Each structure stands twice: as structure tokens, then as C-alpha cells.
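Notes for the structure review
Each chain, letter by letter, is given below.
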Amino acid sequence: MGKWSRRAFIGAGVVAGSALVVGVAVRPGNPNDELKPLLADAEGEELINAWVKVGADNVVTAIVPHVEMGQGALTALGQMLADEMDADWAGVQVVEAPAIDQYVSDSIGREFIAPNLQVPEFFEPTVAGGFLELAQAMSLQITGGSYSVRGTGQRAMRTAGAAAREMLIAAAASEWNVPEGEITTANSMVSHAKSGKSEPYAKFAAAAAEQSLPAKPKLKSPDKYTLMGKPIARTDIPAKVDGTADFGIDAKVPGMKYAAVKAAPVVGAQVESMDATAAKSMPGVLQILNMGDFVAVVADGYWQAQQALNTIGTKYSKTEGDKLDQAALFTRYDEYLDEAGADGGDTETEEGDAADAFANAATKVEAEYKVPFLAHATMEPMNCTAWVRDGKCDVWSGHQSPLGARKAAAKAAGLDFEDVTYHNAYLGGGFGRRSENDNIEMAVRIAKATQYPVKMIWSREEDTMQDHYRPSATSRFQGGLDKDGKAVAWSNIHTHLFDPQEAPTVPYYNIANHKIRKVDVPTHLRFGPWRSVDHSQHGFFIESFVDEMAVAAGKDGYAFRRELLKDSKRHLAILDKAAEMSGWGNTLPEGHGRGIAFVPSFGSVIAQVAEVDMTGAKPKVKKVYVAADAGFVVNPDGFTAQMESAIVYGLTATLYGEISLKDGAVQQSNFHDYQMLRINEMPEVVVEIINGDHKRLGGGGEPGLPPIAPAVTNAIFAATGKRVRELPLSKTSFA
Amino acid sequence: MRNLSAILAVLPALALAACSSDPAPEPVEQIIVREPGAPPVQQAAAEEPAVSGENDEAAPIAAGKSAFAICSGCHVVDADASSTAGPNLHASVGSPAGAREDFAYSEALKSSGITWTEAELDAYIADPAGKVPGTTMVAGAVQDAEQRKAIITYLTSLSAT
């Protein structure tokens, strides 16, 4: 158990991992000696660089630095590496990198720390190395930020594949004694036409690994792509269809027992006393633990643990949060916003003089919008299996940041990082929830107390009530139009700002004067990144207000946005595409409406048009048209699926999503009061892709979400004249 | 530093984990009811009919009852209870396969001709679909031989009363 075995993780598909290759591969000093024992211990296997392995059977393994949480990025990353390498896709397998420091993603650090850093292209592959240490120090080894393909894939996987190919060519040229320029590669074979020689990559893998690393591997231009841009079937599909796929909750450890947990309902409260009288004599119960911030029952079976837990009477300490109800929290937001007034708060962006332009505007528009807290509601509830014994700790879960989970486990166990082995499995939904470590820490603390392996599973209730939530928020706008109905002033103040920093801003809209501010309002609930993070609320706020300005200007929502985007061809192309797809302007049946929304996020540009039927008791979203420009889409099928799933997730929030507080605790507990979109409520979704810039890719996992709520509410306005300024829609009566 | 703060916002827990080396809190209170594998002594004393003077036999039965927990999602064992998702297993040891009136057995099991000796039960619990292809028992295979033995001991005790 103790030592992480490469064979185990590849063979069983139990993997752990994170990033990097280029930094390693192109820096001085070949790290293969260090990595090879971990990654290529099978007979005849050669690690050509940190991300590429070639087996004796000529199977090329792409070692990818991200985790699989349903988003399918692993396949796209494999395509990028294999394409540059000229590998035969039928003989390519994709595995996740282990949770070891060497696979920390340097380029993700770069994306977050210096996204706008411009460097000469010549330095492109080596600059990455400079960020390696910083990224390692900060555990930046996450799958998130819609980053895998656009960052790791574009900057690292392609370079690794191209470098491997050049090293194989160099090895073959040396062996055959022919010029490198005469050697060609295709389908995992090196060939020399003049001499008629042709051999599989495997023959030269060992020699290639000895070659010096290319300083700057040459990448293909899009006309040479053979795999990138193709809708290749995801590699994780078979195991998920036949049921052999292992998720975190499927961890099996000999002698493992089960833990059910209940944390203090008000975050920050402590367990003052616990009455376990009944639980002690219940079947299967092994241990009952008061951990201070939560209670745990360990039993032979999960159900036994949960049943016993349900009988435990617990008293909690009083906290400041106890007094807080949701209405009072929104009142608190108002107080902070009022206090900030016309000029207070923290200014995020400012251009021109928004106050003056608003004061002198021919038409003034003002509006306030509200959104609730949201839970992630991953299909697989939070869980973690841990075993702490003999100064070692093993942890099994599905986590967006395996290295971060490993560090958190080490801290919770009171052990050194080196003494902890983290085993990552598929994530049954991530959405940002599985970038937190609370479940990891809790399981390790329980297992440290028991000394035998324990699988901790949260009930759905616990999962709903102890999330790290998308914050509830209030946002106020003032907009000014000149006498021709042209937008001249845009002023916004909103609560909170987490990430991305540009979420509340609208640099793409050509409005001469704008000012955007925020106020931080304290709450005791924990914030967590939720699919598209701050864009999830600001997409709704911004695109609702743009629509209100259009109405005030007496213009159509599409035409008004067109004017605002007229200086940006790429943005305009997407807006026009969505309008064209939807037949914008064509008459809809009585009581139906069409709404448009445009939100660039995570490097991608997305416009959506929603068609809503308002003839019934509640809104029925019939169709959603999506026009998307993600630079260059590596796997159109996977990307389209991400657009569709973002609409499922975003429409769930639009229609139903609401976490609210009463006496400081979350009121919702399960799917009866935290509803999901049902299959009969799913609109038909039509996606069209425009590849606008193959050098600068955009993300796929998140950008499809922010436009859906405003597209729907704008459509409701078009159908009914009723402007929705608060989500979810279930709070509004349309009778 | 604006973007640096963005990282901390996205990854608050990671940032904390990296900054602090204090171990997480130990339990405030730890009640050990029993060790894994040990019999639930008090329960056995209260519930098992054949305990008095027969502790040698009671312990494995109690352990078996505990091991049976994973079966109890589908099977009941009370003499007069109706079958649930799986057949009631009261007095099942020694009986022919497919014997209960109140359970819709698969054709495969009904026509298997099996009599539930301990050996047959052991083979079946180890791999139901392998032993009787077509069985509707699609879950609950017990791979651990010791656990199977304990479960069968428990079922046998129920068949004897």
C-alpha cells in the first residue's frame, strides 16, 4: 500500500494527478531517471519525456495532468499530444498523472498569475519552467477554470508530443545514418522513403529517451492537424457505460469500515455535547466520535452508521451566525451598498466619467438584481476513504486537485507530505465543489482516531447543507443613454468579488464611461467556486441590464448589443451567429418569447438565444441556440456536450436553485427542496462552433453557463413584458 | 498582486494547507463500542435465544449477524416476515432453492435443483451469477471467505430454531 505504484494506477484506472511536462521536458536536465520508475516500470516501456510513454507493443501513453469529472478533457488532451506526435490514435491510451510534485502544472500557475504576460514566441516553451517553482509552492495542480485544453493542452501537451516526435526522429536518423529531414512520421511509425525503412516508435523509444530535449519543438499548423478538431469518442465512455469505472465513492480497502458524519448546522459552531446512548447499542456500530466541529459514527456498514448517527442528540455552541436569516442577509447587503453610496466601495474598473455621463444622459435606467446561494449538488455525494497507521496515510477520493488533497491529508494526519499517498478516482461531478478539502480532512481525522481504514460518505442532506456555496449577491446598476439611444454611461456596484476578476466587467461593450465597484459583506457561509464562478451571477446581472437599456432605448436586444460590439469582429460574429441560428425576428406563437445574451468568459465567446413558452403556469424553455467561439475546438463532440451540460446546470439554477438561511443554517436538504432540472424540462439545444483563433484557445467547461439565465429572463420579458430581477424563477409568479 | 488574490479566492483551503503545519483537531470524545470483527457482546446477550451457557457458539453467530448487515438491505430473516427485495432467509439452510411461496424467483434458480447446504450457500454467496447464471441476485456477492462463513453460521442458527 505505502509506496505508490505506477502499475496499480494505470492497471486499475485509479489515478491521481496533475500537471506538467514542458517545464520538465525542456529545462536543462532530463528528469526521466526520476520519473521512470514511477511511470514506466513495465518491461520494455520507455518514458520519452514526462508526458509520453511508449510501450514495447508500440502503445503510446499520454500522461495527462488533469482529472476526469465528466468534462472529457482527458480525451482532448490525448488528442493534442497524439496529433503533434503523429501517434496512431487506435494505439493511444490516456492516463492521469500521479499526485507527485513533478506533475504540478506550471502553466496553470501562469494562467492565473500572469495571464496577460506577453513573451516572444521563441521563449514560449521555456518560460513555463520559470513558473514551475511558484506553482509547486502553491499547489497549483487543479482541474478547473475551464483550463485543461486551453492551458495545459495548448501550451504543454502539444509541445510534449512534438518534442517526443522530434526525439524519435533523431534516434531513427542516428540509427539509420540518414538526415533527420528525410524521415517522416505517421501512425506511430518512423519511415525513411529513400531506403524503404519503416519501424514502429517502440523500436526507437529507448534511444529517443536518451536524446537531448528539443529547445523549441515545432508545432503543427491547423491545416496539418489529423486528430485535433475531430469529434473522437471519449476514452472514459466504455468504463462508465459498463459500470467498471471507479469513482471516489467506489474505493475498496481490505478491512474498511464506514463513517457517517454530521457537522454543526451553523458553520463555525462547535459540538458542545452529544448523547450517544441509543447509538451505542445499535447494530454494526464500532465507534462514536465527537470531533469538535462534527459528529461521526463508524460502523460495519454505511447504513448502520447513518442510522445510528440519526439517533444522536447534539447540542452546539452559539455563534454570531445563529441570528441570520436570508432576508436579513439581503438587508445587510443593502445596508453595505447604501453605505457605499454613489462613490464608495472598491473600484474595480473605471473609464471616463460614469457619474457625469449618467447625470447628463437623455434617458436614465436603474435596476437592482438579486441571486441566491447555490449548492453544487454533485451526483456523487462528498466522500473520502482514509487509512492512517504506522506513520503512513493513504487517501482515496475524487478531487480536482490531487496534490492539494494530499497536502491537506498530510496536515490533518500530522504527517509529512512524503508519508501520504493520495489515490484519485473519477469524480462523480466536480463543478468546483471538489476543489475543497473539507471531506479529505474529515476522513483523515476519523481514520487517525480509529487506526483502521474508514470510508466516510456524506448523506445527501449533509452534502446539501455543508457545501461551499456560490454566494448570494445583490447588484445595482445605473445606465445612461444619449438622445439617439446610444449607451454612454454604465455604473455598477455589487456585493463580493471572488473570481475571475473580470467577471463583473464589460470591456467588450463599447460604452465610453463606465465604473464598476464592489463591497465585501461578511457572512459566515463558506464560499466555493461554482461552475463559471462569479460569471454565474454577473452574466445574469449584466445581460439583464443590457436588455433593460435596450428597451429604454426603444431598440431590439440583438440590435442594441450589435451596436455595442460593432468594433469587435470576433464578438460580433458570435452574436450574429446566435441570432441567425434562432431565426431572430421571425414571429413566434402567441405567449412565446425569445431572449438573447452574450457573455465572454474563460477565454471563450458565447452567445445564446432562448425561446420560452409562457402560456402555461410556469416558464417552459423550448429551445436554446448556442454560438460558441473557443478559439479552436479540439473535440467538437466533447465541447458541444459541455455547452449542453452547462445549460442543464445553469437552467437548474435559473428555474429552481436556491440555498437560503434560517437561524444561520441552510434550509434546504435534499432534492425535494433543492430541485434539479427534469428531463421533460430540458430544452432542445443547438450548438454551432466558430474557430476564431487557433493560437489562443478558450475554455469549454464553464463558458456555456453564464448566458442561459439572462437569455431565459430576457425571453420572458419579450413574451410577457415582465422583467425578472431575482433568481430563481420559482420565486416569481407568472399567473 | 490582484491575480494572486484570485488564486487564494479560488483555493482558500489549499492556501491554508500550504501555510500551516498544525495538525487537525483530535476527537473531543471517542466512544469505542467494539473493535472491528469483535462480536456485539451486549446485543448478543439480549437478543440471541441460545446464549445461556453456550458462549462458544454465540460469538460466531453474533459475528455472523453483524456480517449479515450487508445482506439485510434485501433479505429479512424474521420467521413470519414477508420477503422483500430478496427472499426471506429464515430456515433457508437445508431447504431447496426457490422454496418460498412469497418470492418470485428467477427460472434459473427455481430449476437449479440446488439444496442449500453450507457448501452450496458458500459458492452462491461468493458469486451468485457465476453459480446460477440468470439469478436475479445481482448484488451482494461476498468475496471474503471468513465473512461468508460467518453469514452461513448465522443463517444456520436461524434454521435450527
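Here's a quick rundown of the structure. This one's a predicted model, so the numbers in the text were calculated from it and none came from an experiment.

Focus on empty space enclosed by the protein
All names here are of chain A.
- Across all of its chains, the model carries three cavities of 30 Å³ or more by this definition.
- Reported here for the largest cavity is a volume of approximately 110 Å³.
- As for the largest cavity, its lining consists of 14 residues, of which R470, S536, A653, A709 and L727 are closest to the centre.
- For the lining of the largest cavity, the elements supplying multiple residues, two or more each, are α20 (636-655) and α21 (708-720).
- Considering each element in turn, the lining of the largest cavity owes the most residues, three residues, to α20.
- Broken down by class, the residue content of the lining of the largest cavity amounts to nine nonpolar, four polar and one charged.
- Considering only enclosed or pocket space, the second largest cavity measures out at about 60 Å³ in volume.
- Lining the second largest cavity are L374, A375, H376, A377, W530, Y649, T652, A653, G657, Y674 and M676.

Considering the sheet that holds strand β23 (residues 604-613) of chain A
All names here are of chain A.
- Across the sheet, four strands lie side by side as β22-β23-β24-β27; this open sheet has mixed pairing. A single partner strand is all that each edge strand has here, and the edge strands are β22 (592-601) and β27 (684-689). Sheet twist, expressed as the average angle between the axes of neighbouring strands with direction ignored, equals 15°.
- Pairing between β22 and β23: 10 bridges, direction antiparallel. Each bridged residue has a counterpart across the sheet, and for P600 the counterpart in β23 is V605.
- Seen against the sheet, α20 touches β23, β24 (620-629) and β27 and runs at an angle of roughly 135° to β27.

Some thoughts on the sheet that holds strand β6 (residues 189-192) of chain A
Residue and element names in this part refer to chain A.
- Taking strand neighbours across the sheet as the criterion, the three strands line up as β5-β6-β7 in an open arrangement whose pairing is antiparallel. For this open sheet the edge positions go to β5 (183-186) and β7 (197-200), each flanked by a neighbour on one side alone. Taking each pair of neighbouring strands and ignoring which way they run, the sheet shows an average axis angle of 20°.
- Pairing of β6 with β7, which is carried by four bridges, proceeds in the antiparallel orientation.

Quick look at the nonpolar core
Residue and element names in this part refer to chain A.
- In this structure, V60, L81, M85 and I183 are the most contacted members of the largest nonpolar core, which totals 43 residues.
- Sort the elements by how many residues they give to this core and helix α7 (residues 148-176) lands first, with 11 residues.
- Filtering out sequence-adjacent residues up to four positions away, V60 remains in contact with V52, K53, V54, M85, A87, G91, V92, Q93, S188 and Y201.
- Grouped together as the second largest cluster of nonpolar side chains are 42 residues, A473, L481, I516 and M581 included.

A word on unusual backbone geometry
Residues and elements named next belong to chain A.
- Between D499 and the following residue, P500, the backbone shows a cis peptide bond with an omega angle of -10°.
- Among the structural elements, P500 can be located in the loop between β20 (487-495) and β21 (513-519).
- Here L727 and P728 are connected by a cis peptide whose omega angle stands at 0°.
- In this fold, P728 is placed in the segment after α21.
- Located in the positive-phi region is D390, a residue other than glycine, with phi close to 50°.
- Mapped onto the fold, D390 is located in the loop between β15 (383-389) and β16 (392-397).
- A positive phi angle, near 50°, is found at V533, a position not held by glycine.

Calculation notes
Residues numbered from 1 in each chain as written. Chains lettered and ligands numbered in written order. Predicted model: local features only at pLDDT ≥ 70, side-chain atom pairs only at ≥ 80, totals over all residues. Heavy atoms only, no water. 1 Å grid on protein atoms, 1.4 Å probe; cavity = no way out; pocket = protein on both sides within 12 Å on 5 of 7 lines; lining within 4 Å. Points joined across faces, edges and corners; volume = space filled by probe spheres on them. Helix = DSSP H or I, 4+ residues; strand = E, 2+ residues; numbered from the N terminus. Nonpolar A, V, L, I, M, F, W, Y, C, P; charged D, E, K, R; others polar. Pairing = 2+ DSSP bridges. Axes fitted to C-alpha atoms, helices over the stretch in contact; angles between N-to-C directions. Contact = heavy atoms within 4.5 Å. Core = buried A, V, L, I, M, F, W, Y, C linked by side-chain atoms within 4.5 Å. Buried < 20%, exposed > 50% of the residue type's maximum accessible area, 1.4 Å probe, protein only.

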